[in-house]
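# Observations on chain architecture
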Amino acid sequence: MSRIAQTVEHAREAGNKLLIPYLVAGDPDLATTLQLMQHLVGQGADIIELGIPFSDPSSDGPVIQRGVERALARGTRLQDVLDLVQEFRVKDAATPVVLMGYLNPIEIMGYQQFAASACQAGVDGVLIVDMPPAESADLHDELQTAGIDTIYLVAPTTSATRASAIVSLSTGYLYYVSLKGVTGAALTDHQSVGEKIAALRGLTDLPIVIGFGIKDAESAQAMGKLADGVVIGSALVGRIAELPVHEPQTSAGLQHCTAVIGVVRDVLNKIK
Amino acid sequence: MSDLDVVSDDSLPGFDGPDSSGHFGPYGGVFVGETLISAVEELARVYERLAADEKFWEEFDYELKHYVGRPSPLNFAERLTAACGGARIYLKREDLNHTGAHKVNNTIGQALLAKHMEKTRIIAETGAGQHGVASAAVAARLGLECHVYMGADDIVRQAPNVYRMKLLGANVISVASGSRTLKDAMNEALRDWASNVDNTYYIIGTVAGPHPYPQLVRDFQCVIGREVRAQSLEQIGHLPDALVACVGGGSNAIGLFHPFLEDAEVAMHGVEAAGRGLETKAHAAPLCDGKPGVLHGNRTYLMTDAAGQIMETHSVSAGLDYPGVGPEHAWLKDLGRVNYVAATDKQALAAFHQLTELEGIIPALESSHAVAYGALLATGMEPEHSLVINLSGRGDKDIETVARIEGIEL
């Protein structure tokens, strides 16, 4: 059983919602990202989504764009992200790590090499924002062969037919994009999210997590009630932006930065 | 079917891309976030229907004739020909179009699509501002709301075009992320589109982006090549021996080339921006010195580093300053049908002056790249041969840039 499947099973048995923070690898530097990942687990994160920095993040809002720019300013490469996961695995063999990013860095590395390196590093899932299922066959096969879960997005604009096709390719969990827009936008239409999630339930037993507009306890509670878990990205990356650059982080600083995840954990734990 | 038909079918297979999934060989495709998939699929459906409808093309042709002023002339460049001492050089005068470049052929076509799709809001990206101006003009003509994304650095470099867009009623939005140029403007336009997908039509300015954009922009620009074909038969008596066009995203080039792809006797040359020289890496020539990757919705040749990051590009011409190229060009390169070369900033500037002085035509710096290579090519050809250079735009917008480079205060 994959690490993600185990995590999902434990959460289901305990009746818990999945809490999935997203942060950009190398923002503001790789050593800090490693410490942040460890703190996030301490705050109650179930799975960590690690963003692969890309020069042209066309699905991301301004907060994550800045995070990516900070990571790129330090020269963070895809290989560094894989090395980071490997280092994280030294102390944490249980928490699943999902790489999220855009296709070009993987395309340039080569699908086979990427899948093999990711597997060796201890990556559990891969989500490529600009690679819809119709274009994903080759990479999908490489990842599945390497035992890595393939996670796809479903959006408010996704048709029912298309959703069935996406579900059939998905393993690990299904990521529902809560709004028409980019990461970090304002989430307003709770009702339609509920309806879409209900429709997806009829298509899959995979856990469905919601992301893109969740930034605080209130929105996490609203979305947590509708789904099996929530992804929090911009709210965390916005706090990472306040960390000092070019100097060692203090434990208090990291704690302060990741506290938003602890707050959301508490809120989610009250939804039963 | 005659024997001749069989031979030509066998020797030149498969220039009728894209396939049903939007691919030109391994290139093209649909690489966008899930939120935009339904929008590009809807666009593909609507375009397929309208492209088969004669009335749509009548509407398009009417606008090209009465609003743009087509057909644009094919102009024998007598003094340039004499100076080069080789093939007869003809200029396809896209610079004489309304708004000053070939860009308007595409914006008219796409604005008509937007109207048929009942979209009320137009967005566009622009580099030098030519596509932005062409979008703003057409939006004004059709009474559509228009927002143009433009890199913060380009806004400074191309101030007159920014004011033109504003006069035309467009809202010009400064993009301060990334390298603050065309590619970042395109990222921001994609973000806007995902956020306003219900009422918004995105007019992409070149033959790139997710399917069906490379196909439909090409189809709208093919008016250039069709006219050149008819004009060549009339003025030269046969098809030209060679075609030359500059390639940034590649819309003016594909518009010229495409109607001739199956004519094996017509050689084709696409001229990219070599900037300070291909060896310096300060250029915008992905076909000459890049590799395949994925950006802005399609797989194509890109300026990408070993880690897969998109590199910053350089060209004296803002309109060629883009790290990608249309996927059909990538395919034509691999097939060997088109010869892709590059001209440096210096060569383009020299050609800018040469054409201005010899023919009384101030070319856009983009088109000056085609003039530079075309003149070189003509010199090596026989006098009975003929060559057509696509003069894709006029250079009025560039005179400040040229003056600045040459230390002249206006």
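Here the structure is shown first, and the text comes after it.
First, a word on what this report is: a plain description of the structure on this page. (Residues numbered from 1 in each chain as written. Chains lettered and ligands numbered in written order. Predicted model: local features only at pLDDT ≥ 70, side-chain atom pairs only at ≥ 80, totals over all residues. Heavy atoms only, no water.)

### Let's talk about the overall build of chain B
Using the following cut-off: Numbering of helices and strands runs from the N terminus, with a helix taken as a DSSP run of H or I at least four residues long and a strand as a DSSP run of E at least two residues long. Radius of gyration means the value over C-alpha atoms here, while the globule rule gives 2.2 Å times the residue count to the 0.38 power. Burial status follows relative accessibility: with a 1.4 Å probe on protein chains alone, a residue under 20% of its type maximum counts as buried, one over 50% as exposed, and anything between as partly exposed. Contacts between residues were defined by any pair of non-hydrogen atoms, one from each residue, lying within 4.5 Å. Areas reported here follow the Shrake-Rupley algorithm with a probe of radius 1.4 Å; residue values treat only the protein chains shown as occluding. Residues counted as positive are Lys and Arg, residues counted as negative are Asp and Glu, and His and the chain ends are not counted. Where a charge lies is defined by one atom per residue type: Lys uses NZ, Arg uses CZ, Asp uses CG and Glu uses CD.
Helix and strand counts for chain B stand at 17 helices and 14 strands. Computed over the C-alpha atoms, the radius of gyration of chain B is 20 Å, within 12% of the 22 Å expected from 2.2 N^0.38 for a compact globule of 410 residues. Out of the 410 residues in chain B, the part that is buried amounts to 64%. At a minimum sequence separation of 6, the contacts of chain B that also span at least 24 residues come to 73%. For chain B, the accessible surface area stands at approximately 14,600 Å², while carbon and sulfur atoms represent 51% of it. The averaged location of the 54 negative side-chain charges in chain B is 5 Å from the averaged location of its 33 positive side-chain charges.

### What to know about the interface of chain B and chain A
Here is the rule we go by: Buried surface area refers to the total accessible area, computed with a probe of radius 1.4 Å, that the two partners give up upon joining, counted for both partners together. Should a side-chain nitrogen of Lys or Arg be within 4 Å of a carboxyl oxygen of Asp or Glu, the pair is scored as a salt bridge. We call two N or O atoms a polar contact when they sit within 3.5 Å, provided that within protein one can donate a hydrogen and the other can accept it, with sequence-adjacent residues counted only if both atoms are side-chain atoms.
Taken together, the 38 residues of chain B in the interface contact 37 residues of chain A. For the pair chain B and chain A, the two sides together bury roughly 2,700 Å², of which 47% comes from carbon and sulfur. Applying the counting rule to chain B against chain A returns 5 salt bridges. Ionic pairing is found between Arg162(A) and Glu41(B), a salt bridge with its closest N-O pair at 3.6 Å. At the surface where chain B touches chain A, the tally comes to 20 residue pairs in polar contact (both at pLDDT 80 or more). Contributing elements (two or more residues each) for the side of chain B that touches chain A: β2 (27-31), α2 (34-51), α9 (182-195), β11 (291-295) and β12 (297-302) of chain B. Broken down by element, the residue count for the side of chain B that touches chain A peaks at 8 residues, all from α9(B).

### Section: α9(B)
In an α-helix, one turn spans 3.6 residues, which is why side chains three or four residues apart end up on the same side. Residues and elements named next belong to chain B. Defined as follows: Between the first and last residue of a helix there are one fewer steps than residues, each counted as 1.5 Å, and that sum is the expected span.
With 14 residues, α9 ought to run about 20 Å at 1.5 Å a step, and its terminal C-alpha atoms sit 20 Å apart, in line with that. The element α9 is largely enclosed, with a buried count of 12 among its 14 residues. Of the residues making up α9, those classed as buried are Leu 182, Lys 183, Asp 184, Ala 185, Met 186, Asn 187, Ala 189, Leu 190, Arg 191, Asp 192, Trp 193 and Ala 194.

### Points about the sheet that holds strand β6 (residues 153-154) of chain A
Residues and elements named next belong to chain A. Operational definition: Should DSSP find at least two bridges between two strands, the strands are regarded as paired.
Read across the open sheet, the 9 strands follow the order β5-β4-β3-β2-β1-β9-β8-β7-β6; overall the sheet is parallel. Each edge of the open sheet carries a strand with a single partner, namely β5 (149-150) and β6. Taken together, the 3 bridges between strand β1 (residues 18-24) and strand β2 (residues 48-51) define a ladder with parallel strand orientation. Bridge pairing links Tyr 22 to Glu 49 in β2.

### A few points about the nonpolar core
We count it as follows: As used in this record, nonpolar core signifies buried Ala, Val, Leu, Ile, Met, Phe, Trp, Tyr and Cys residues forming a set joined through side-chain atoms within 4.5 Å.
Counting 184 residues, the largest nonpolar core has Leu50(A), Leu99(A), Phe114(A), Tyr175(A), Trp193(B) and Tyr201(B) as the members making the most contacts within it. Grouped together as the second largest cluster of nonpolar side chains are 29 residues, Ala77(B), Leu320(B), Ile361(B) and Ile389(B) included.

### A few points about the pairing of β2(B)
All names here are of chain B. The buried count for β2 comes to 5 of 5 residues, which makes it a mostly enclosed element. Taken together, the 2 bridges between strand β1 (residues 23-24) and β2 define a ladder with antiparallel strand orientation. Bridge pairing in β2 places His 23 opposite Gly 28. Strand direction decides the pairing type here: β2 and β12, joined by 2 bridges, are antiparallel. Across the sheet, residue Gly 28 finds its bridge partner in β12, namely Arg 299.

### Considering the packing of helix α3 (residues 54-68) of chain B against helix α5 (residues 103-116) of chain B
All names here are of chain B. Which entries qualify depends on this criterion: Fitted lines through C-alpha atoms give the axes, limited to the stretch in contact for helices. The angle between two N-to-C directions lies from 0 to 180 degrees. These descriptions rest on fixed angle ranges, namely under 35 degrees for roughly parallel, over 145 for roughly antiparallel, 65 to 115 for roughly perpendicular, and the rest for oblique. Helix crossings fall into two classes, left-handed where the near helix is turned counterclockwise from the far one by less than a right angle and right-handed where it is turned clockwise. Note that Gly is not counted as nonpolar here; it falls among the polar residues with everything else outside the nonpolar set of Ala, Val, Leu, Ile, Met, Phe, Trp, Tyr, Cys and Pro and the charged set of Asp, Glu, Lys and Arg.
Orientation of α3 relative to α5, taken along the N-to-C sense of each, is 135°, at an axis distance of 10 Å. Looking at the two axes, α3 sits oblique to α5. For the pair α3 and α5, the sense of crossing is right-handed. Contact residues: α3 offers Phe 56, Glu 59, Phe 60, Glu 63, Leu 64, Tyr 67 and Val 68, while α5 offers Val 104, Asn 105, Ile 108, Gly 109, Leu 112, Leu 113, Lys 115 and His 116. In the contact of α3 with α5, the residues fall into 9 nonpolar, 3 polar and 3 charged.

### A word on unusual backbone geometry
Omega for the peptide link from Asp27(A) to Pro28(A) comes to 0°, which places this bond in the cis form. Tracing the sequence through the fold places Pro28(A) in the loop between β1 and α2 (30-42). A positive phi is found at His246(A), a non-glycine position, where the angle reads about 65°. Take His246(A): it is sitting in the loop between α11 (234-240) and α12 (251-269). For Arg180(B), which is not a glycine, the phi torsion comes out positive at approximately 60°. As for its placement among the helices and strands, Arg180(B) is situated in the loop between β7 (171-175) and α9.

### Some remarks on the environment of Ile106(A)
Residues and elements named next belong to chain A. With respect to the helices and strands, Ile 106 occurs in helix α5 (residues 103-109). Measuring from C-alpha to C-alpha, the distance between Ile 106 and Leu 78 comes to 7.7 Å, with 28 residues separating the pair along the chain. Excluding its chain neighbours within four sequence positions, the residues that come into contact with Ile 106 are Ile 52, Leu 78, Tyr 111, Phe 114, Ile 128 and Leu 139.

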